[in-house]
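# Structure assessment
Chain residues, written in single-letter form:
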Amino acid sequence: MEKNVGSGDRIVRIIIAIVLGCLIYLGQITGTAATIVGVIAVLLLLSALLSRCLIYKIAGIDTTMKESSYSTTDDRAGL
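Residues numbered from 1 in each chain as written. Predicted model: local features only at pLDDT ≥ 70, side-chain atom pairs only at ≥ 80, totals over all residues. Heavy atoms only, no water.

## A few points about a nonpolar patch on the surface
- Taken together, the side chains of Val42, Leu45, Leu46, Leu49 and Leu50 define a hydrophobic patch exposed on the protein surface, amounting to about 440 Å² of accessible area.
- Judged by relative accessible area, Leu46 falls into the partly exposed class, the value being 43%. (Patch = residues over 30% accessible without salt bridge, like charges linked within 9 Å, V, L, I, M, F, W, Y side chains within 5 Å. Areas by Shrake-Rupley, 256 points an atom, 1.4 Å probe, with all protein chains shown as cover. Salt bridge = Lys/Arg side-chain N within 4 Å of Asp/Glu carboxyl O. Buried < 20%, exposed > 50% of the residue type's maximum accessible area, 1.4 Å probe, protein only.)

So, in structure tokens, the structure goes:
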């Protein structure tokens, strides 16, 4: 599977994973909810670190910046 998570998206995922982890650590979320939130935090962190997201793949979303060839004035002038 090719990378489909861009840098901005990666930063947001890491921040959300850290916040969720802190909430669990501080005891704001407990019990079964803590387990579910913990799994979500781990999945967010893994998808951010690997730059790959299965849900994005299924939905056809790609937030990476693809390298595109730039044009010079010669290209635009048709030379």
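## Digging into the side chain of Ser47
- Position of Ser47 relative to the elements: it lies in helix α2 (residues 31–50).
- Owing to a relative accessible area of 8%, Ser47 belongs among the buried residues under this scheme.
- Contacts of Ser47, omitting those with residues within four sequence positions, involve Val5, Arg13 and Arg52. (Helix = DSSP H or I, 4+ residues; strand = E, 2+ residues; numbered from the N terminus. Contact = heavy atoms within 4.5 Å.)

## Side note on the packing of aromatic side chains
- Enumeration according to the criterion identifies 0 aromatic pairs in this entry.
- Taking the ring centre of Tyr56 as reference, the NZ or CZ of Arg13 above it sits at 4.8 Å. (Phe/Tyr/Trp six-rings, centres within 6.5 Å; stacked < 30°, edge-to-face > 60°. Lys NZ or Arg CZ within 6 Å of the ring centre and 35° of its normal.)

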